[in-house]
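Residue-level listing of the chains:
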Amino acid sequence: MRSFLLATIMGFMFSCTPAQTDENSDKSNVDELIRQMTLEEKVHMLHGKGKFTSAGVERLGVPDLKSADGPLGVREEIQNDSWAPAGWNNDFATFFPAGGGLSSTWNLDLVRRYSVAMGEEARAREKDVLLAPAVNLIRSPLGGRNFEYFTEDPFLNKKLVVPFVQGLQANDVASCVKHYAINNQETLRGTIDVQADERTIREMYLPVFEAAVKEGNAYSVMSAYNRFRGAYLSENDYMLNTILRDEWGFKGFVMSDWGAVHSTKESALYGLDIEMGTEIDNYDDWFFSKALIAAVQNGEVPESVIDDKVRNILYVMEEIHAIGSAPRAKGALNTPDHLQVAYEVASESVVLLKNANNALPLKSSGIKSIAVIGDNAKRKHANQGFGAGVKTKTEVTPYDALVSSYPDIKINYAQGYKEQYLKNDLNRSWGLPVDYEANEQLVAEAVAAAQASDVAIVFAGSNRLVETEAEDRKGLRLPFGQEALIKAVKAANPNTIVVIIAGSPHDLSEIDATVDGLVWSWFNGSRAGDAIVDVLFGEVNPSGKLPVTFPKRLEDSPAHATNSFPGGPDVVTYDEGILIGYRWFDTHDVEPFYPFGYGLSYTSFEYSDLKTDKSSYAPDEIIKVSLKVKNTGAVDGKETIQLYTSKPESAIQRAARELKGFGKIALKAGEEKVVSIEIPVRELAFYDVKAKDWSVEPGSYYVASGASSRDLRGTMSFSVE
């Protein structure tokens, strides 16, 4: 606890240089602080003293550093030395939409508002570090933590991360960007050695972290569980020192994932600053505790290395005003504004996948009864599964929203399916293999409800036990016999709509072929139900665009087409190289089920008059692209314009097209606007392995405007000198 100003404490206890650099400074004298610390005090700051706390130095006025899980909102308080809940009554928080939903908005202003709200909640809970965002590239549709992550595209990833980090840290809380790096599976995550070539990691997996550090000024980074080229990421000199600090200029601290440290000397020398853990509660036995003190005393680790680590931590504490005299942000918790942000993200993230015969939006004036079918109609997702969740007072389900918004419509509810898991040999309560058989009794009840109603809405999909940390899914198929359920309901009532709630691609081919109206939502936070219902009834025109490709078959996805997921038992090799996601599908002409960037609307948009401001550019210039977009339908709507570049006559391997710009606009019915999007020429660069630097290849390029990677509306050529 910081009960006195740092300068006052130091002035009282020591006759030495004051902690303040001068009377007008609000920062402490970090070097003086370090000079006054004993070796034991310094090392004590480098490892956990609780599940989410690392130590300060009380006698010098340096408080403990308090962290919290954060991808879905601020996690509930747990006991210091146990994962059991602390039992507080004031640790409720807003459940924010997961990363899949946030990225599906393609709205950078909304991302910033989202992260500002999350940062305010972290400060209201007196946290110094929020373990967010989770930004690993979505390499396989089966990834257990895909629901937390952003996208399969490095450009979209890095554009999303900057406002996220900046908004969060504006509230005097450090963003801990995770999981650094090249951590793209849960299977064998604690031991797997990732082998990927240099161009692949530089162009695909590292841009989001580089942007977080260099543009977002992220204060902390979490090292991942896995190994990369032989060395664990918590002791990987190349990743933590050469790239993160030397190349990118990172000044903050590197915190390990929980239990991801495997050495003392190597971790100390090769870039780790704080060891956090899970099972070992005798903190003296940790790698960065007594063993680190001994390593310094016997000369294996210079004490200057310890000083640097403490300096990194104190730098961050200064920046978030945990030390020094400047006032600190107070934050706010569970506010109406935060719930509104959660609603806006959820409503803009919903993706309309199919709308044949104008099945949607529903017209409430002509509906007297609705069959609401499916476990996901009433299921709450805030605090399920293994890993980070949120204890919240507010989680509006689709059933709740229908009942409250349309009290005059009779709701005939049927569960339709229930979660059923098969036994396996894992001694765990998560990630169990799912049952794909339908429950005949529940299906019969659903059919009866559908027959007795004007409209049937089936809320199907996944949950956070099926998609969870520490376990990858086994296939694309929807669990619990949902396909059979939907077919039976559709046969009973032709007016059947399906809403999928999930965090990662599933095989929707049979469902798409069965129903006219198909909507995709995510694990979408405290007001997910309100957002879904408003989209279904046209109060909100859907504008979400998929941040991932949905394959027709699992083996169409690059990591599976190359038989390189999940690898093992020791090594996984990224044989697909730079062709991740849509880049693979488009380059190899593999037809996706739903392409990257795809999403329908209740209106229609026409693109025209695509232009670039010049025909030729130098490598340091900016390509200014403009086009006209017109809402040609009868209702207001929002459209995300995507710009893809290509270079067919390239001397190096390139994807058929790459996202290099986007913009989201609102247009009233009949309205037309000119949209301008800038593409720095340096975004066209490839990583030249021989030169160990980025290089822009001269010659002719193309830029295409599109509503998805497969729906291109116009193309222009230009050249780079």
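That block above? That's the structure.
In this report, the structure presented in the accompanying data block is examined.

Reading guide: rules and limits
- Residues numbered from 1 in each chain as written.
- Predicted model: local features only at pLDDT ≥ 70, side-chain atom pairs only at ≥ 80, totals over all residues.
- Heavy atoms only, no water.
- Pairing = 2+ DSSP bridges.
- Helix = DSSP H or I, 4+ residues; strand = E, 2+ residues; numbered from the N terminus.
- Expected span 1.5 Å × (residues − 1).
- Polar contact = N/O pair within 3.5 Å; in protein donor to acceptor, adjacent residues only side chain to side chain.
- Phe/Tyr/Trp six-rings, centres within 6.5 Å; stacked < 30°, edge-to-face > 60°.
- Buried < 20%, exposed > 50% of the residue type's maximum accessible area, 1.4 Å probe, protein only.
- Contact = heavy atoms within 4.5 Å.
- Axes fitted to C-alpha atoms, helices over the stretch in contact; angles between N-to-C directions.
- Parallel < 35°, antiparallel > 145°, perpendicular 65-115°, else oblique.
- Left-handed = near helix turned anticlockwise from the far one by under 90°.
- 1 Å grid on protein atoms, 1.4 Å probe; cavity = no way out; pocket = protein on both sides within 12 Å on 5 of 7 lines; lining within 4 Å.
- Points joined across faces, edges and corners; volume = space filled by probe spheres on them.
- Nonpolar A, V, L, I, M, F, W, Y, C, P; charged D, E, K, R; others polar.
- Core = buried A, V, L, I, M, F, W, Y, C linked by side-chain atoms within 4.5 Å.

Here the focus is the sheet that holds strand β17 (residues 571–573). Hydrogen bonding along the main chain pairs the strands of a sheet, whether they run parallel or antiparallel. Pairing is mixed across the open sheet formed by four strands, whose spatial order is β9-β8-β6-β17. The sheet terminates laterally at β9 (231–232) and β17, the two strands that pair on one side only.

A separate point is the pairing of strand β27 (residues 712–720). Pairing analysis gives two bridges linking strand β19 (residues 616–617) to β27, with the strands arranged parallel. Paired with Ser616 across the two strands is Ser719, which belongs to β27. As judged from the eight bridges shared by strand β26 (residues 699–706) and β27, these two strands associate in the antiparallel manner. Bridge assignment links Tyr702 to a residue of β27, and that residue is Ser717. Where β26 folds back on β27, the antiparallel hairpin that results is connected by five residues.

Next up on the list: helix α15 (residues 440–451). With twelve residues, α15 extends 16 Å between its outermost C-alpha atoms, agreeing within 8% with the 16 Å of an ideal straight helix rising 1.5 Å per residue. For α15, the capping residue at the N-terminal end is Asn439, with a side-chain oxygen 3.1 Å from the backbone nitrogen of Gln441.

Here we take up the packing of aromatic side chains. Summed over the entire model, instances satisfying the criterion amount to 28 aromatic pairs. On the basis of an interplanar angle of 55° and a centroid distance of 5.6 Å, the ring pair of Trp106 and Phe596 is categorised as tilted. One end of the pair, Trp106, is in the loop between α4 (99–104) and α5 (108–124); the other, Phe596, is in the loop between α20 (582–587) and β18 (605–612), and 490 residues separate them in sequence. Residue classification places Phe596 among the buried residues on the basis of a relative accessible area of 0%.

Right, let's get into the sheet that holds strand β2 (residues 53–54). Sheet architecture is open: seven strands sit in the order β1-β2-β3-β4-β5-β7-β10, paired in mixed fashion. Strand pairing shows two members of the sheet lacking a second neighbour, β1 (48–50) and β10 (253–256), which therefore form its edges. Both β1 and β2 contribute to a ladder of two bridges, which runs antiparallel. Counted as the bridge partner of Gly48 is Ser54 from β2. Packed onto the sheet, helix α6 (residues 154–169) meets β4 (129–131) and β5 (174–180) and runs at close to 145° relative to β5. Where helix α8 (residues 207–214) meets the sheet, its contacts fall on β5 and β7 (220–223), and the angle it forms with β5 comes to roughly 160°.

Let us look at the pairing of strand β16 (residues 517–521). Of all five residues making up β16, five are buried, and the element is well covered by its neighbours. By the alternation rule, side chains of β16 split into Gly517, Val519 and Ser521 and Leu518 and Trp520, which are all buried. Bridging between strand β11 (residues 351–355) and β16 involves four bridges; their strand directions are antiparallel. The partner of Val351 across the bridge, within β16, is Trp520.

Bringing the packing of α6 against α8 into the picture now. Two quantities define a packed helix pair, namely the angle between the helix axes and the distance between the axes. Contact pair α6 / α8: the axes reach a minimum separation of 8 Å and the direction vectors enclose 25°. When the axis of α6 is compared with that of α8, the two are roughly parallel. As for the relative orientation of α6 and α8, their crossing is right-handed in sense. Contact residues: α6 offers Pro154, Asn157, Lys158, Val161, Val162 and Val165, while α8 offers Pro207, Val208, Ala211 and Ala212.

Empty space within the largest pocket amounts to approximately 850 Å³. Arg189, Tyr225, Phe386, Gly387 and Glu469 are, among the 38 residues lining the largest pocket, the residues nearest its centre. Among the residues forming the lining of the largest pocket, the class breakdown is 14 nonpolar, ten polar and 14 charged. Looking at the second largest pocket, its volume works out to about 650 Å³. Lining the second largest pocket are 25 residues, with Lys158, Glu210, Arg682, Glu683 and Trp694 sitting closest to its centre. Within the residue set of the lining of the second largest pocket, elements represented by two or more residues are α6, α7 (198–205), α8, β22 (658–667) and β25 (693–695). Ranked by the residues each element gives to the lining of the second largest pocket, the list is headed by α6, at five residues. The residue makeup of the lining of the second largest pocket, split by class, is twelve nonpolar, one polar and twelve charged.

Moving on to α6. Helix length check: α6, at 16 residues, gives a terminal C-alpha distance of 22 Å against a target of 22 Å (1.5 Å per residue), a fit within 8%. Burial analysis of α6 places 14 of its 16 residues in the buried class, which makes it a mostly covered element. Its side-chain oxygen at 3.0 Å from the backbone nitrogen of Phe155, Asp153 defines the N-terminal cap of α6.

Below, the discussion takes up the nonpolar core. Nonpolar side chains in soluble globular proteins generally cluster together in the buried interior. Of all hydrophobic cores here, the largest spans 156 residues; its most connected members are Tyr180, Leu314 and Leu536. Contacts of Leu314, omitting those with residues within four sequence positions, involve Val30, Leu33, Ile34, Met37, Met45, Val62 and Ile323. Residues Leu485, Trp520, Val548 and Tyr598 belong to the second largest nonpolar core, which totals 38 residues.

So, about the packing of α15 against helix α16 (residues 482–492). Axis separation between α15 and α16 bottoms out at 8 Å; the angle between their running directions is 30°. Relative to α16, the element α15 is oriented roughly parallel. As α15 runs across α16, the sense of the crossing is right-handed. Residues Val443, Ala446, Val447, Ala450 and Gln451 of α15 touch α16, and the partners they reach there are Leu485, Ala488, Val489 and Ala492. Split into classes, the residues belonging to the contact of α15 with α16 amount to eight nonpolar, one polar and no charged.

Here the focus is the side chain of Ser347. Tracing the chain through its elements places Ser347 in helix α13 (residues 336–349). Polar contacts involving the side chain of Ser347 include one to the main-chain carbonyl oxygen of Glu344, which spans 3.1 Å. Once residues lying within four places of it in the same chain are set aside, the contact partners of Ser347 are Ala531, Val535 and Val540.

What follows concerns the side chain of Asn183. On the secondary structure map, Asn183 appears in the loop between β5 and β6 (193–195). The exposure class assigned to Asn183 is buried, which follows from its relative accessible area of 4%.

Turning next to unusual backbone geometry. The step from Leu360 to Pro361 runs through a cis peptide bond, and the omega angle for that step is 0°. As for its placement among the helices and strands, Pro361 is situated in the loop between β11 and β12 (369–373). A positive phi is found at Ile182, a non-glycine position, where the angle reads about 55°. Mapped onto the secondary structure, Ile182 falls in the loop between β5 and β6. One non-glycine residue, Phe480, lies in positive phi territory at about 65°. The topology assignment puts Phe480 in the loop between β14 (455–461) and α16.

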